[in-house]
Amino acid sequence: MKKASSLSELGFDAEGASSGFFRPVADGGSTPTSHRRRLTKISVIGAGNVGMAIAQTILTRDMADEIALVDAVPDKLRGEMLDLQHAAAFLPRVRLVSDTDLAVTRGSDLAIVTAGARQIPGESRLNLLQRNVALFRKIVPALAEHSPEALLLIVSNPVDVLTYVAWKLSGFPASRVIGSGTNLDSSRFRFLLAEHLQVNAQDVQAYMVGEHGDSSVAIWSSMSVAGMPVLKSLRESHQSFDEEALEGIRRAVVDSAYEVISLKGYTSWAIGYSVASLAASLLRDQHRIHPVSVLASGFHGIPQDHEVFLSLPARLGRAGVLGVAEMELTEEEARRLRRSAKTLWENCQLLDL
Ligand SMILES: NC(=O)C1=CN([C@@H]2O[C@H](COP(=O)(O)OP(=O)(O)OC[C@H]3O[C@@H](n4cnc5c(N)ncnc54)[C@H](O)[C@@H]3O)[C@@H](O)[C@H]2O)C=CC1
Ligand SMILES: CC(=O)C(=O)O
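Residues numbered from 1 in each chain as written. Chains lettered and ligands numbered in written order. Predicted model: local features only at pLDDT ≥ 70, side-chain atom pairs only at ≥ 80, totals over all residues. Heavy atoms only, no water.

**Quick look at empty space enclosed by the protein**
- Under the defined criterion, the tally for this structure stands at two cavities of 30 Å³ or more.
- Size it by volume and the largest cavity reaches roughly 40 Å³.
- Among the secondary structure elements, those contributing two or more residues to the lining of the largest cavity are helix H6 (183-197) and helix H8 (243-264).
- When grouped by side-chain class, the residues that make up the lining of the largest cavity number two nonpolar, two polar and three charged.
- Quantified by volume, the second largest cavity comes out at close to 30 Å³.
- In terms of lining residues, the second largest cavity is bounded by Arg125, Leu126, Pro158, Val159, Asp160, Glu211, His212 and Leu344.
- Class assignment of the residues belonging to the lining of the second largest cavity gives a composition of four nonpolar, one polar and three charged.
- Among the domains, domain 1 (37-177) and domain 2 (181-348) are the pair contributing at least three residues each to the lining of the second largest cavity. (1 Å grid on protein atoms, 1.4 Å probe; cavity = no way out; pocket = protein on both sides within 12 Å on 5 of 7 lines; lining within 4 Å. Points joined across faces, edges and corners; volume = space filled by probe spheres on them. Helix = DSSP H or I, 4+ residues; strand = E, 2+ residues; numbered from the N terminus. Nonpolar A, V, L, I, M, F, W, Y, C, P; charged D, E, K, R; others polar. Domains from an automatic or database assignment.)

**A look at the UniProt feature "domain: Lactate/malate dehydrogenase N-terminal" (unreviewed entry) in the chain**
- In the numbering adopted here, UniProt assigns the feature "domain: Lactate/malate dehydrogenase N-terminal" (unreviewed entry) to residues 40-179.
- Along residues 40-179 the backbone is 39% helical and 19% strand, and the end-to-end C-alpha distance reaches 21 Å. (UniProt positions renumbered as here; feature names shortened; annotations may be inferred.)

**Focus: the nonpolar core**
- Counting residues in hydrophobic clusters, the biggest one holds 82 residues, and the most contacted among them are Ile58, Leu110, Ile112 and Leu152.
- Lining this core are residues from two domains, each supplying at least three of them: domain 1 (37-177) and domain 2 (181-348).
- Ignoring sequence-local partners within four residues, the contact set of Leu110 consists of Lys41, Ile42, Ser43, Leu151, Leu153, Ala279, Leu282 and Leu283. (Core = buried A, V, L, I, M, F, W, Y, C linked by side-chain atoms within 4.5 Å. Buried < 20%, exposed > 50% of the residue type's maximum accessible area, 1.4 Å probe, protein only. Contact = heavy atoms within 4.5 Å.)

**Structural notes on the site of ligand 2**
- Every residue near ligand 2 is listed here: Gln119, Arg125, Asn157, Leu184, Arg188, His212, Ala257 and Thr267.
- Taking Asn157, its side chain carries an N or O atom lying 2.8 Å from an oxygen atom of ligand 2.
- Note that an oxygen atom of ligand 2 is positioned 2.7 Å from one of the side-chain N or O atoms of His212.
- With the chains in place, 91% of the 210 Å² that ligand 2 exposes on its own is no longer accessible.
- For the shell around ligand 2, a count of residues per class yields two nonpolar, four polar and two charged.
- Composition of the shell around ligand 2 by domain shows at least three residues from each of domain 1 (37-177) and domain 2 (181-348). (Near = heavy atom within 4 Å. Polar contact = N/O pair within 3.5 Å; in protein donor to acceptor, adjacent residues only side chain to side chain. Areas by Shrake-Rupley, 256 points an atom, 1.4 Å probe, with all protein chains shown as cover.)

Below you can see the structure in the form of structure tokens.
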């Protein structure tokens, strides 16, 4: 049975209650239009492990005035909404709404899509494609209709191909359709490098690019700590340079999700922080550089007519993707990136969009 969760649902008159409790000052008027701030609305579609980790991280980072949650399972959805609402006394004030109907997302500034099937232990991300494309055909056109000016941030897997699908189905410009991509892989990479080098992960600048998945590419050539190019310093100081350890780290990054999924069934916390950091860079117009899935045609020798989305370091702001960094890659890195692009493009071509 649906129970009331707000005082107005319980029969209290919210207007009456507030006017009785607080009186306006003697000559109090309304807020001048020039002082009114535009409210920020974020929608999270899919209130599963990932959607809820993202929603709760966004809540703690105080970047939305309204968060709309959407899921296909009404009881679970309402339970998740209430559970978050009950933390109100510890959080910035946010209007939290939920519905199975995508109309609740109307007027979103940012719509984050996490709905869909997830991997079972050992399954690849690309294996989820057909199931999640079917879902996207229902979700994306409705999202675009309700929020024609929104930024779309895709998280569901396989994220790169689904970002391409969302771009096609939404009709939005590519600058407003972004996949969370290797922002997460790069964080895993930085964590493992930091452990290896005994420094803080925030001081490690290192990117994984390409597919968020098995063909992702570690960019060793530009890796730096405190501005120092790590491989060059090691070579110049004739210190032992352990190729095997580096390859072990790259392998560990690629295997990370498989390991977590085999241990706890799904991944959630790291992707929650990863996506919240993207949301902050976008909505607060931070111009920060994140490796995210963007339209990569023409970059690093990827053919111009291959409309493939994969991760490259991109400058993010309120308008979405403001630009993509022209990284200097070694020949081997560029070759691996093109191979990653080929795998993804072959998958995109299987789709009838
Ligand atoms: N890009 C990335 O780095 C990551 C992506 N993922 C992906 O995120 C997705 C979600 O993973 P989890 O949250 O663990 O799965 P989950 O199974 O916990 O949640 C998926 C949710 O989608 C909902 N859903 C299904 N159809 C829907 C519809 N038509 N409208 C609204 N909601 C609908 C389900 O009811 C469920 O609550 C998966 O595809 C997973 O592979 C997960 C971790 C990292
Ligand atoms: C599941 C997934 O894509 C990840 O955790 O990387």
